[in-house]
Amino acid sequence: MPHATQHADAPDTTRTVHTVHTADDTVAGVPVLTAVPAVTAGTAVSAVSAVSALTAELDTVLRSGPFHVALRAAIAARGLPLQRVQHHLSRYGVKVGVTSLSYWQQGARRPQRPESLRAVRALEEILHLPDESLIRLLADTDTRDQDTTGQPASRSYRSLLEAGDALERLLAELECPPDDGLHTLGHHERVRIGGRRELKHRESQHIVRAHRDGVDRFVAVHHGDPGCTPERMTVHALENCRTGRIRRHHGTGVLVAELLFDTRLRAGDTFLFRYAVEDGTAGASREYVRGFGAAGGQYALQVRFDGGALPLRCHRFTQHSPAAPRGGRQELPLSDHHRSVHLVEPRVRSGMVGIGWEWE
């Protein structure tokens, strides 16, 4: 992504006039930009103090949010009028109106469409913010909104980060290289929800192609629901593989299992294998999510419910990263006879896709 020029918009206390725009006034509910009194060379010390205060406020709200307050603080700290922000965004190939920017920083609207999320990521660079600092606040806002509406929230960003750290340690114990040498051509996954609404069973079938010689294993990852007990989970090698070493992390509910092929694949060879994880150790499950580190082939997910525990409604969703807000929501009809819903992605991209459901 191209980098915006930084020096042109740095606060300059020696200039005769420096106008800062705010959006504290409204006319008929619409924010109106008003000018703050000019800063002259004689008030340089006061200006420096003001900039320091803005920077301190920005550091605080980037940690705690909400998104619109952090965005407003970041724009104010850089001394950029919204027209200038819009100009910088256009240099990143992103078109956003001044009105939309004003709405975002006032909390009247939130960026949700893919083009809007591209704009948020560009704003992080333009405003010299840490990567995903604004995107993370959007995701946190989504979680709070679900809490206040009485709907169950998804896993928090913090819990996903903790699980990611635990996973890295477990993979290191199994001496897994960053590149496993396999490209996924197809991944079909079946999840069963039990009579206690728990994630009872998961079965995965993989079709892979080796892109280097000597590949002889696959490391499967299972992330149980909050409150699960990985020590009570069981891994079953069902087809064309056998279980090797298994590692668990109790605090995050992560389990990794080595699946051995009993053959060494050569570059270009294809292979099919199937395994399952018996879970059933947590409380009510509300979603199943699958993450992809890179683009790949087809992915299909089916979730089947016990006849005595049917959800009110189901939907599918996508997510660019654990820090990003969810999008692509689409209602999924529950099959009356088979009590199941499914999704199919012909070609997966880096990110996350899943199915969520609501209980009565």
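What counts and how
Residues numbered from 1 in each chain as written. Predicted model: local features only at pLDDT ≥ 70, side-chain atom pairs only at ≥ 80, totals over all residues. Heavy atoms only, no water. pLDDT = per-residue confidence, 0-100. Contact = heavy atoms within 4.5 Å. Helix = DSSP H or I, 4+ residues; strand = E, 2+ residues; numbered from the N terminus. Polar contact = N/O pair within 3.5 Å; in protein donor to acceptor, adjacent residues only side chain to side chain. Salt bridge = Lys/Arg side-chain N within 4 Å of Asp/Glu carboxyl O. Buried < 20%, exposed > 50% of the residue type's maximum accessible area, 1.4 Å probe, protein only. Core = buried A, V, L, I, M, F, W, Y, C linked by side-chain atoms within 4.5 Å.

Visitor: Got a minute to help me understand the confidence of the model for the protein in this structure?
Guide: Atom-level detail of predicted coordinates should not be read off regions where pLDDT is low. Across the protein, the average pLDDT comes to 80, with 78% of residues at 70 or higher. Counting contacts from residues 143–153, a segment whose pLDDT is below 50, to residues more than four positions away or on other chains yields 11 contacts.

Visitor: How should I be thinking about the side chain of histidine 201 in this particular structure?
Guide: Inspection of the secondary structure assignment puts histidine 201 in strand β4 (residues 199–210). Separated by 2.7 Å, the side chains of histidine 201 and glutamate 278 make a polar contact. Ignoring anything within four residues of it in the chain, the contact list for histidine 201 reads Arg190, Val191, Arg192, Ala276, Val277 and Glu278.

Visitor: Help me understand the pattern of salt bridges in this model?
Guide: Opposite charge on two side chains allows them to pair when their charged atoms are near. Inspection of the entire model under this criterion finds 17 salt bridges. Glutamate 189 is paired through a salt bridge with arginine 202; the nearest N and O atoms lie 2.8 Å apart. Here glutamate 189 is found in strand β3 (residues 182–193), whereas its partner arginine 202 is found in strand β4, with 13 residues between them in sequence. For arginine 202, a relative accessible area of 0% translates into the label buried. A salt bridge links arginine 329 to glutamate 358; the nearest nitrogen and oxygen atoms lie 3.6 Å apart. Here arginine 329, found in strand β13 (residues 326–332), pairs with glutamate 358, found in strand β15 (residues 351–358); they are 29 residues apart in sequence, far enough to count as distant. Judged by relative accessible area, glutamate 358 falls into the buried class, the value being 10%. In this structure, a network of salt bridges that share partners links the residues Arg313, Arg329, Glu331 and Glu358.

Visitor: Would you explain the environment of aspartate 279 in this entry?
Guide: Mapped onto the secondary structure, aspartate 279 falls in the loop between β9 (270–278) and β10 (287–292). Classification of aspartate 279 as buried rests on a relative accessible area of 10%. In the structure, aspartate 279 is positioned 87 residues away from arginine 192 in sequence and 9.9 Å away in space, judged by C-alpha atoms. Excluding its chain neighbours within four sequence positions, the residues that come into contact with aspartate 279 are Leu199, Lys200, His222, Gly224, Cys228 and Met233. Only 2.9 Å separates the side chain of aspartate 279 from the side chain of histidine 222, close enough to count as a polar contact. Among the polar contacts made by the side chain of aspartate 279, one reaches the side chain of threonine 281 at a distance of 2.8 Å.

Visitor: Help me understand the nonpolar core in this model?
Guide: Side chains of a nonpolar character, in soluble globular proteins, are inclined to be buried together. Core analysis: the biggest nonpolar cluster contains 34 residues, and Leu89, Leu123, Leu127 and Leu134 have the highest contact counts within it. Where this core is concerned, the elements lending two or more residues are α1 (44–64), α2 (67–78), α3 (82–91), α4 (98–106), α5 (114–126) and α6 (133–148). Looking at this core, the element that brings in the most residues is α2, giving 8 residues. Apart from residues no more than four positions distant in its own chain, leucine 89 is found in contact with Val94, Val96, Leu101, Ala119, Ala122, Leu123 and Ile126. Leu182, Val208, Ala257 and Leu265 belong to the second largest nonpolar core, which has 20 residues in total.

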